[in-house]
Each structure stands twice: as C-alpha cells, then as structure tokens.
Amino acid sequence: MGITRRRFLTWVGAAAGSQVVVAGRSQAAGNRQFPGFAESFGVLHDVTRCIGCRRCEAACQQVNGLPEPERPFDDLSLLQQQRRTDAGTYTVVNRFEAAQGPVFVKTQCNHCLEPACASACFVKAFQKVPSGAVSYNVDVCVGCRYCMIACPFNIPTYEYDNPFSPSVQKCTLCQPRIEKGLLPGCVLACPKEALTFGQRGQLLQTARNRIAQHPGRYVHHIYGEHEMGGTSWLYISAAPFREIGMREDLGTMAAGQLTAGPLGAVPIVVGLWPVLLTGIWAIGKRKDKIAAGERRQAVAEAEKNARQAAEAKLAGLREQLGKEKEIAVKLAVKNALEEAARAAQAEALPGNGEPESKEEK
C-alpha cells in the first residue's frame, strides 16, 4: 500500500473535521457507566496474616509461565524495597513499618468492578468478564497504553524490551484456572491463609465477620468494597491503609465515570488515533518496501561479486592444474626414455643374453 504525505494529511484533516461535528454526541456517550457482575469471584487479602514468605510470587510466576527472577524467591531482603509489578512479574509483596510492627502487603491487579483500563481502551482490549477477572485481548490492542495512564493502582505494564510483539501485562486472576475449577496460584500457595478466594459477596461477609470478631485487630474498613466503585480484590488490615502503600484518596466513584468523561471531551484524540495509526502503518510499509528493495539489490550485487570471484578462482585452478599436468607428462616421458635407454644399454653389454661359442668351451 503506497501513501504520500499529501494523502496522509488529507486523511487526518477529514478525521479531525468529522470528530468536531460529533464531539457533543461523543461526550454524552462517554458518561455511560460500565456495569459490574454481582456473582463474580474475588480474593480477600487479610494483611494481618501475611508473613512475607513470597510463595504467592513464586506460584504466580509458575502458573503463568513467567521468567525466573534474577534473585530467588527465598531472598526476603527484597521485601525491604518498594517494588511494583512489571512485564515479567504480575504480583509483588512489599514490607511496611507500621505501629504494630512490620506489615506485608501483596500487590497485583485489583480487577475493578468497573475497570478504568476498560473504560480508557477504545478498542475494547480490556473487558470485565463474569468470573470477576479483567481480561486482556492482545489481538486487538494497538499499544496506545491509555490503560496504564487510567489505572489508579498503577498496575498495567508494557513489554518495552519486546521489539516485535509488545503487549500489556498484568495479573489475570488466573482466569484459565478459575474456568477449570482451580484456585488462583497465589491463593493455593499461601501457607497462612492470608488469601481467600470466593464470590465477592461472601468475601465481604467474611471480612465483616473477622472485623466484628476482632474489633481491636482490624481497621474498620474493607479496602476495595467501595474504592473506585469497588474491586474484586478486597483487603482488611490492622494498619491504616495509607500507611501500607494503599491510596485512600480514590473516592468511591467508578473509574469509568472518571475516565470516559475526559475521553468524551476530547473525542478527536480517539477519532484521529486510527487514522494516525493507519498513516504510520502505511508509511512504515513504504519504508519497509524500499528497504526490502535495497536489501534485494545488495544481495544480488553480493551474489554477482561472489560468482565472479568464484569463476576467477576456478580459472586460476584450471590453469594451475594444466601446468602441473604438463609437467607430469613431461616427467613421465623423460622417465620412460631414461628407462628405455638403460634397458638398451644393459642388453648391449658382452655376455648379456648371447649364446657361448664352442671355442671357449
């Protein structure tokens, strides 16, 4: 597909004009709230039970086929660092110093009921599924990384070191395992039952019961019940959540209401994006075509030079072989002549091959 600068700018101008016309309608549509699923699953993280063993991290790496970390999971000195998830690590455990002593908190995608990443994604690469997970479809992702900007928990990461097929990476809630009736890897590996898997409504009731039974142990708040419209991961803790690295300034408004509005107010960005991507793709294809032609020409030139060099070398070898053959023939002739001369000389010697005379007897 060929494209000129004039045609590309024409596309951009046409798209910009159409977006200006429909701007008002897009803004109204952007306020639509993304509904959650009442029967969805989730995980309750009882921070008071976590001992920072990092077995959940190891299990996550294993079940998701992620690469082994540079430092082993039994190296607990890493807990002193404030780590975040990355493209090769879907969950991390960090240590915090609170009034009650050290507190260990597991961090991963919270799988919001109304995900900001899904609201910000205009190609619907992210979707909240009935199981409770926020799924990601790499086949439709265009790599805009709006999801990374929109997420209030700073979770989605990008494979910047993958030059050919980079994608967004985050916790999947072990969706494939849930579909098979299995527990998420981290929940299964936790030796202290700091992680409890179940339906979100039941988890909320479990959390309320623990707080009611031990009012002096827990902060009277279930983190994730209402934050950002609610999350599938829920937390109860003895320390105030702001002291263990969890934001308390998010409010209870669903993320979709916060992210869809700004996107609707600037629909030209969304509308222009496909045009820009198409233009960039076409220009890239043209550059690739030119580069491919140059590569073919370079290869043909190299093949021609190699063929000429091989032919010259072969001619030299033939000439050398001809000379050696001529020398060998001359030497063979010389040897044959010398041999014949020696034979003739030997026959000419007296008494050599002639019968004895009677007088001599």
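To be clear, the structure that these remarks concern was listed above.
Remember, it's a predicted structure, so these values are computed and weren't measured experimentally. (Residues numbered from 1 in each chain as written. Predicted model: local features only at pLDDT ≥ 70, side-chain atom pairs only at ≥ 80, totals over all residues. Heavy atoms only, no water.)

Enquirer: Residue-level account of the pattern of salt bridges, with values.
Expert: As enumerated under the stated definition, the model contains 12 salt bridges in all. Taking the shortest distance from any N to any O, the salt bridge between Asp46 and Arg210 comes out at 2.9 Å. Pair noted here: Asp46 is in strand S1 (residues 41-46) and Arg210 is in helix H8 (residues 200-213), with a separation of 164 residues, a long-range link. Considered together, Asp46 and Arg210 belong to a single accessibility category, that of buried residues. For Glu248, the salt bridge is made with Arg242, and the minimal N-O distance between the two is 3.3 Å. Salt bridges sharing common partners tie together Asp46, Arg49 and Arg210. (Salt bridge = Lys/Arg side-chain N within 4 Å of Asp/Glu carboxyl O. Helix = DSSP H or I, 4+ residues; strand = E, 2+ residues; numbered from the N terminus. Buried < 20%, exposed > 50% of the residue type's maximum accessible area, 1.4 Å probe, protein only.)

Enquirer: Please provide a residue-by-residue account of the sheet that holds S1, values included.
Expert: In sheet architecture, strand pairing relies on hydrogen bonds along the backbone and comes in two forms, parallel and antiparallel. Taken in spatial order, the three strands line up as S8-S1-S9 in an open sheet, and their pairing is mixed. Across the chains shown, the open sheet's two edge strands, defined by having one partner strand only, are strand S8 (195-199) and strand S9 (233-236). The mean angle between the axes of side-by-side strands here comes to 25 degrees, regardless of whether they run parallel or antiparallel. (Pairing = 2+ DSSP bridges. Axes fitted to C-alpha atoms, helices over the stretch in contact; angles between N-to-C directions.)

Enquirer: How would you explain the side chain of Thr89 if you had to name every residue and give the values?
Expert: Secondary-structure assignment places Thr89 in the loop between helix H3 (55-63) and strand S2 (92-98). Not counting residues within four places of it along the chain, the set of residues in contact with Thr89 comprises Gln61 and Leu66. (Contact = heavy atoms within 4.5 Å.)

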